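Spelled out, the chains give:
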Amino acid sequence: MSEEKSLNFIEEIIENDIAAGLHNGRVHTRFPPEPNGYLHIGHASSICLNFGLAKKYNGQCNLRFDDTNPSTEETEYVDSIKADVKWLGFEWHEELYTSDYFEQLYDYAVMLIGKGCAYVDDSSAEEMAIQKGDIGKPGVANEFRSRSIAENMALFAEMRAGKFPDGAKVLRAKIDMTHPNLLLRDPIIYRIKHAHHHRSGDKWCIYPMYDFAHGQSDSIEHITHSICTLEFIHHRPLYNWFIEQLGIFPSHQYEFARRSVSYMITSKRKLLQLVNEQHVKSWDDPRMPTISGMRRRGYPAAAVRQFCDMIGIAKRENLVDIGVLEFCVREQLNKSANRVMAVLDPIKVVLTNYPESQTEHLTADNNTENENAGTRQLSFSNTLLIERDDFMEEPPKKFFRLGPGLSVRLKHAYIITCNEIIKDENGIVTELHCTYNELSKSGQDTSGVHVKGVIHWVNAADAIPAEVRMYNRLFTVEDPANAEGDFKDHINANSMEVNTKAMVEASLKNAAVGSQYQFMRKGYFTVDKDCDASNLVFNQTVSLKDTFAKEMKK
């Protein structure tokens with residue numbers, strides 16, 4: 001019997017809430033990205049958590065865009081976020097925007113002013129920072145804190161009407177300037193920002209701060225379980241304070257720890273630097289930890305979901321080995337990717353005893369791990385291409401591939417023996433003359449000859465040139481976000497190597513963008529969107545070597 005997976009701490013909370021009849025047993029979550037960049041692997045974990053909980057408990061999950069900062073938000077990011085969520089396999093209950101609630105949020109702010117719980121402050125950012133105090137040093141109130149309700153009402157209305165420039169005034173919550181939690185020392189609720197909004201245009205020139213918009217948006221949507229990352233744990237008292245003061249639906253915030261992945265950056269601000277400073281080509285560069293980058297590289301959505309499930313959630317932050325993610329990718333592709341042959345560094349092989357005018361077709365399995373994958377036909381002639389490193393002129397004792405006088409089996413084909421080496425004027429081997437054993441055809445071998453080595457090949461007559469992009473880690477250190485110096489100091493200058501001399505089997509001639517293959521003995525590769533009718537381009541998705549699986553067996 002399989003062992004049932006234990007509940008994580010948020011599932012325990014939800015099940016206790018359901019048992020207690022809280023919210024009539026209803027579960028309603030949300031995924032609230034800010035549309036100021038592309039989503040990354042960290043967001044994937046949050047997506048799987050929020051949508052997964054809603055699915056598990058027959059609830060609903062909203063996709064809400066936290067679009068309260070017009071200067072950093074773009075429709076491009078909105079579209080990419082929706083595409084990423086759908087690609088991961090989830091459908092949202094409603095597509096919503098914090099900007100949908102601007103009028104309601106403004107009314108909430110007016111309510112706070114009316115209760116004497118908010119005031120307009122004319123102080124500069126520098127003055128407010130000084131007045132706020134520090135840990136162990138209480139803040140001090142300024143003269144604006146004692147403004148009358150009527151004056152605050154009038155000034156806030158004038159802020160909305162656009163009568164003041166950016167930075168001239170803010171609206172602050174009136175809580176406690178001596179509170180040990182600095183976030184409760186009269187936090188800013190609204191600031192003036194004369195900027196065009198991607199949805200509301202120029203209707204508004206004041207915008208709510210995240211801490212004010214977040215909880216109230218949750219409440220408006222009747223979110224039962226508002227799940228955030230751990231850095232927001234100190235914001236929860238403020239989240240609760242606003243809801244209590246306004247007397248609105250009591251959404252509740254819960255926090256889980258971020259899961260960083262080794263050799264990756266999961267800060268949208270830093271990822272934007274990589275793009276803007278052209279350290280990578282785009283947000284969906286296959287080296288990027290963005291969901292769109294992983295999709296372009298060839299990571300299956302199921303592998304990303306499996307990874308998020310494997311690492312789970314906890315209350316303590318840690319760094320996850322990137323090998324765990326690559327293990328999940330290999331496991332999924334092993335089942336789904338057809339096997340094909342591609343020679344990345346070709347050397348010519350001429351079969352001297354195979355008729356020059358003859359071509360035969362051999363049957364090859366597409367994927368022995370998938371009985372429904374079928375077979376394909378491979379053409380075979382007297383001129384082939386093999387990998388240069390499958391030949392050694394002076395092979396060591398346990399080299400079971402091709403060398404002078406050595407024999408090897410060609411996958412799906414025949415056993416061949418190397419008889420002669422052809423070199424150019426620089427002494428570089430350019431061609432191998434071999435003989436094939438006519439009786440050794442794969443599946444019909446009656447030769448009685450046994451060889452230990454099997455290598456892949458392509459038929460020189462119909463092989464297709466391809467560009468193959470090989471990828472290494474984007475960073476040279478395991479934890480670039482916390483490494484010494486600027487994170488960009490640790491960018492790997494050799495994170496991408498472009499191979500333009502590869503040759504692939506003829507069956508790949510019409511391979512569609514996004515199609516995934518295992519290049520036998522080389523790794524998993526995906527057709528890139530840069531390819532066209534005259535140029536076939538593959539991205540290396542992941543190598544065949546799996547160090548994480550070996551560690552698991554230990």
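So, how was this worked out
Residues numbered from 1 in each chain as written. Predicted model: local features only at pLDDT ≥ 70, side-chain atom pairs only at ≥ 80, totals over all residues. Heavy atoms only, no water. Pairing = 2+ DSSP bridges. Helix = DSSP H or I, 4+ residues; strand = E, 2+ residues; numbered from the N terminus. Axes fitted to C-alpha atoms, helices over the stretch in contact; angles between N-to-C directions. Contact = heavy atoms within 4.5 Å. 1 Å grid on protein atoms, 1.4 Å probe; cavity = no way out; pocket = protein on both sides within 12 Å on 5 of 7 lines; lining within 4 Å. Points joined across faces, edges and corners; volume = space filled by probe spheres on them. Nonpolar A, V, L, I, M, F, W, Y, C, P; charged D, E, K, R; others polar.

**Student:** Could you give an account of the sheet that holds strand E3 (residues 95–97), with specific residues and numbers?
**Tutor:** Read from one edge to the other, the open sheet built from three strands follows the order E1-E2-E3, with strand pairing classed as parallel. Because the sheet does not close on itself, it has two edges, and the strands there are strand E1 (28–31) and E3. Within the sheet, the average angular offset between the axes of one strand and its neighbour, ignoring direction, is 35°. Two strands pair when backbone bridges link them, and strand E2 (residues 60–65) and E3 are joined in this way by three bridges, in the parallel orientation. Bridge pairing in E3 places Phe 65 opposite Tyr 97. Along the sheet face, helix H2 (residues 41–56) touches E1 and E2 and points at about 160° away from the line of E1.

**Student:** Lay out the layout of surface pockets with the relevant residues and their values.
**Tutor:** The space that makes up the largest pocket amounts to roughly 840 Å³. His 43, Thr 229, Glu 231, Phe 232 and Arg 258 are, among the 32 residues lining the largest pocket, the residues nearest its centre. Elements that contribute at least two residues to the lining of the largest pocket include exactly E1, H2, strand E8 (225–229) and strand E10 (259–261). A class-by-class count of the residues in the lining of the largest pocket yields eleven nonpolar, twelve polar and nine charged. The computed volume of the second largest pocket comes to approximately 700 Å³. Around the second largest pocket, the lining is made up of 26 residues, and of these Cys 48, Leu 49, Gly 52, Leu 53 and Asp 309 lie nearest the centre. Where the lining of the second largest pocket is concerned, the elements lending two or more residues are H2, E2 and helix H11 (301–311). Broken down by class, the residue content of the lining of the second largest pocket amounts to ten nonpolar, nine polar and seven charged.

Note that all results are geometric; they support no functional claim without further evidence.
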